[in-house]
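Per-entry structural report
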Amino acid sequence: MFGGPINRMTDLLVGLFVKDHKNITDPRVRAAYGKLAGIVGIISNVFLFAIKIIAGIVFRSIAITADAINNILDAGSSVVTMVGFKISGKPADKEHPYGHARAEYITGFIVSVIIILLGLELVKSSLKKIFEPEPINFSYLTVVMLGAAIIIKYWQSSFNKKLGMRIDSAALMATGQDSMNDVIATSAVLAATLFAHFTGIQIDGYMGAGVAVFIIYSGYKLVRETLNPLLGLAPDPDLVKDLERKILSYPQVLGLHDLEVHCYGPNKKYASVHVEVSAKEDFMESHDIIDQIERDVLKEFNINLVIHMDPVVTDDKLTNELRQKVNDILKNIDEDLSMHDFRITAGKSHLNLVFDVVLPPRYSDKGEEIREKIQEEIFRINPSYHAIITLDRNYISTYR
């Protein structure tokens, strides 16, 4: 119902206050988006705090007062968000060669902890009101004020989520969800006020406790959402598939493995991968292709990619046959097992089959068991075959 006007207002503000707003990979543009979101959040939340704190004091409602405190906290969060975006937009320096983009996550984490602490304080205040209830002085002005607050918070939520999706910002998306939680919380306060007026039953303290729980839960979600990127999240599976598809699209590339993607903040990604090329091809030509892939990936995905080139023997009959047999052994054990860097080295009395096996996460503590199974199957092919297996992990795994 409000989608059209909200989108038009958002586009208008972005057009007025964010220069070159379509260039969202530019840290300065991202910082401008964060500044805009922060200013809008400060103005709107201070306004909501003012009208709610007056209403809460005049009409003696702990639920409205709790909701007011939540709004002033949201204003403080907007200040911290602005600071975080400003720091994250700083260029790389000697101490921070990968830039400062993770500052956005750090500031979000700080705000999240503060939200939880104040939510706990509001629980105490609400419990006191439950055990020592006071009548609420009803006024239709209160109803109008709370109704206006709900509309403003709904717009805040949509505004922040739209900006968050536009620049791929977890911090702004979380702020938008926090505003939506406020819509629910303020609606609960309004319901308590009307319920008390028409029934004479005071549920203000219970609703205040409910508001506090929403605040705590919102803080918990923000902690999780801002802390996870700092700990190191697996990359988006769709990004991994697109990246693999891009690299494998070059005819000189026979395969790839050991792809790792590291995120140092929104739109700040680095990756490394081993790419297999034919050993019989000219080395300089293969190297030129590798350089071309790195440049193309940077241009298309905005990812700084480093490629390690692995030459693969493709014209030796025995190597090819044994590679296929080992692949079959792995697939018979588990379809999700894979290998790379296969080669053979001959001795006087035996043949070494040397290769790496990539283990899915569920086999993290069963590596030796898998190694023994593979060795047993290879020994059955020929007792003179010795398997030299290196167990490898998949850091971009999308396995079950």
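Computed from a predicted model, the values in this text were never measured in an experiment.

Under the definition given, this model contains three cavities of 30 Å³ or more. Here the largest cavity is characterised by a volume of approximately 240 Å³. Around the largest cavity, the lining comprises 23 residues; the ones closest to its centre are Ser77, Thr81, Val111, Ala171 and Thr175. Going through the elements one at a time, helix H3 (62-88), helix H4 (103-131), helix H5 (140-167), helix H6 (170-199) and helix H7 (204-231) are the ones with two or more residues in the lining of the largest cavity. Residue classes in the lining of the largest cavity are distributed as seven nonpolar, 12 polar and four charged.

Take helix H10 (residues 317-333) next. In this model H10 runs 25 Å from its N-terminal to its C-terminal C-alpha over 17 residues, within 8% of the 24 Å that 1.5 Å per residue would give. Listing the buried residues of H10 in full gives Thr319, Leu322, Arg323, Val326, Ile329 and Leu330. Considered in projection along H10, the buried side chains sweep an arc of 120° and stay on one side of the axis. Every exposed residue of H10 that faces more than 90 degrees away from the buried side is listed here: Lys317 and Asn332. Against strand E3 (303-312), strand E4 (338-346), strand E5 (351-359), helix H11 (367-381) and strand E6 (385-393) lie the buried residues of H10.

Next up on the list: the pattern of salt bridges. Scanning the model with the defined rule gives six salt bridges in all. Salt-bridge contacts for Glu368 lead to Arg371; the nearest nitrogen and oxygen are separated by 3.1 Å. One end of the pair is Glu368 and the other is Arg371, both in helix H11 and three residues apart, which spans about a single turn. Using a relative accessible area of 47% as the deciding quantity, one classes Glu368 as partly exposed.

A word on the sheet that holds E3. Spatially, three strands are ordered E1-E2-E3 in an open sheet, and the strand pairing comes out mixed. Since the sheet does not close on itself, it has two edges, and those belong to strand E1 (255-263) and E3, each with one partner. Direction aside, the axes of adjacent strands within the sheet are offset by 15° on average. Where strand E2 (residues 269-278) and E3 come together, 10 bridges link them in parallel fashion. Pairing of Val273 across the sheet is with Ile307, part of E3. Helix H9 (residues 283-301) rests against E2 and E3 of the sheet, and its axis sits at about 155° to E3.

What counts and what doesn't
- Residues numbered from 1 in each chain as written.
- Predicted model: local features only at pLDDT ≥ 70, side-chain atom pairs only at ≥ 80, totals over all residues.
- Heavy atoms only, no water.
- 1 Å grid on protein atoms, 1.4 Å probe; cavity = no way out; pocket = protein on both sides within 12 Å on 5 of 7 lines; lining within 4 Å.
- Points joined across faces, edges and corners; volume = space filled by probe spheres on them.
- Helix = DSSP H or I, 4+ residues; strand = E, 2+ residues; numbered from the N terminus.
- Nonpolar A, V, L, I, M, F, W, Y, C, P; charged D, E, K, R; others polar.
- Expected span 1.5 Å × (residues − 1).
- Buried < 20%, exposed > 50% of the residue type's maximum accessible area, 1.4 Å probe, protein only.
- Arc of directions from axis to C-beta.
- Contact = heavy atoms within 4.5 Å.
- Salt bridge = Lys/Arg side-chain N within 4 Å of Asp/Glu carboxyl O.
- Pairing = 2+ DSSP bridges.
- Axes fitted to C-alpha atoms, helices over the stretch in contact; angles between N-to-C directions.

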